[in-house]
Amino acid sequence: MHIDRVVRLGTDALLVEVPDSATATALFETARDRISVEDVLDIVPAARTVLFDGVADRDALAEEIAGWTLFPDDVAPARPQGESVDVPVVYDGPDLAEVADRWQMSVEEAVAAHSATEFTVAFCGFAPGFAYCTGLAERLHVPRRPDPRTRVPAGSVGLAGEFTGIYPSASPGGWQLIGHTGLGLWDVDRDPPATLPPGTRVRFVPR
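Notes on the structure follow. Numbers given for residues are sequential positions, taken from 1 along each chain in its written order. Totals for whole chains, interfaces and linings use every residue, but because this is a predicted model, local features are given only for residues with pLDDT of at least 70 and side-chain atom pairs only at 80 or more, for both listing and counting. Think of the side-chain values as coming from all heavy atoms in the structure, minus any hydrogens and water.

### Points about the pattern of salt bridges
Thought 1: Any carboxyl oxygen of Asp or Glu that lies within 4 Å of a side-chain nitrogen of Lys or Arg is treated as forming a salt bridge with it. Enumeration over the complete set of coordinates arrives at seven salt bridges.
Thought 2: Note that D95 and R145 form a salt bridge whose closest N and O atoms lie 2.9 Å from each other. Of this pair, D95 sits in the loop between strand 5 (84-89) and helix 3 (96-102) while R145 sits in the loop between strand 7 (131-134) and strand 8 (149-152), and the two are 50 residues apart along the sequence.
Thought 3: Relative accessibility under 20% of the residue-type maximum defines a buried residue, over 50% an exposed one, and the middle range a partly exposed one, all with a 1.4 Å probe and only protein chains included. Assessed through its relative accessible area of 3%, D95 is described here as buried.
Thought 4: Look at R145 and you get buried, because its relative accessible area is 17%.
Thought 5: A single network of salt bridges, built from pairs that share partners, joins D95, R145, D147 and R149. The way it works is that DSSP assigns letters per residue, a run of H or I at least four long becomes a helix, a run of E at least two long becomes a strand, and they are numbered from the N terminus.

Below is the structure:
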């Protein structure tokens, strides 16, 4: 595992900077499996960082993390599977045809390629319940729109870079919209409130 930097934050937090989202996800999943709540209160992944908050002994944790092997021989190891969630999707987004063209596929082939992919929630952000899902092959990565929309409807499924995401509420947004879902993504009365927390395995199921 390559760590770019370890930063001490406040009195009891440690921020680990890594080169990419795949490493951040692997670090988060390994830490979640190996570290107890007595040693670390919370573990929060992001695109290229993992925050360890409420750390009992930061020196010991940094030393432990440095000794982990996440990608032996440059191959991601099989990890215990997190909860799996099927997301029903109507593939009717306004950018679907453009995405298919970028992928050099028909619309039907693009839908098949996206729905055949098993995604992993790498982290949440932007809005409560917005899950950044990774798993698309690099050749299927697409840029954000050059002209972001002032309002994207709740439930819209979009692509940006390596990520697939679902807008949990109406908001401005610049992702390429390929469909929509009626699945609720955030409920403050539920524990956890997010339907797709980090580590969740996700499949998008055509409807």
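### Things to note about helix 4 (residues 107-115)
Thought 1: The complete set of buried residues in helix 4 reads A110, V111, A113, H114 and S115.
Thought 2: In this fold, the buried residues of helix 4 make contact with helix 3, strand 6 (119-124), strand 9 (156-160), strand 10 (163-166), strand 12 (176-180) and strand 13 (201-206). Whether two residues touch is decided by their heavy atoms; if any such pair falls within 4.5 Å, the residues are in contact.

### A few points about unusual backbone geometry
Thought 1: That bond from D191 to P192 is cis: its omega, 0 degrees, falls within 30 degrees of zero.
Thought 2: A positive phi angle, near 55 degrees, is found at Q104, a position not held by glycine.
Thought 3: By the secondary structure assignment, Q104 is in the loop between helix 3 and helix 4.
Thought 4: We note that F126 has phi near 70 degrees; this positive angle belongs to a residue other than glycine.
Thought 5: Along the chain, the position of F126 falls in the loop between strand 6 and strand 7.

Read these as spatial facts, not as claims about activity.
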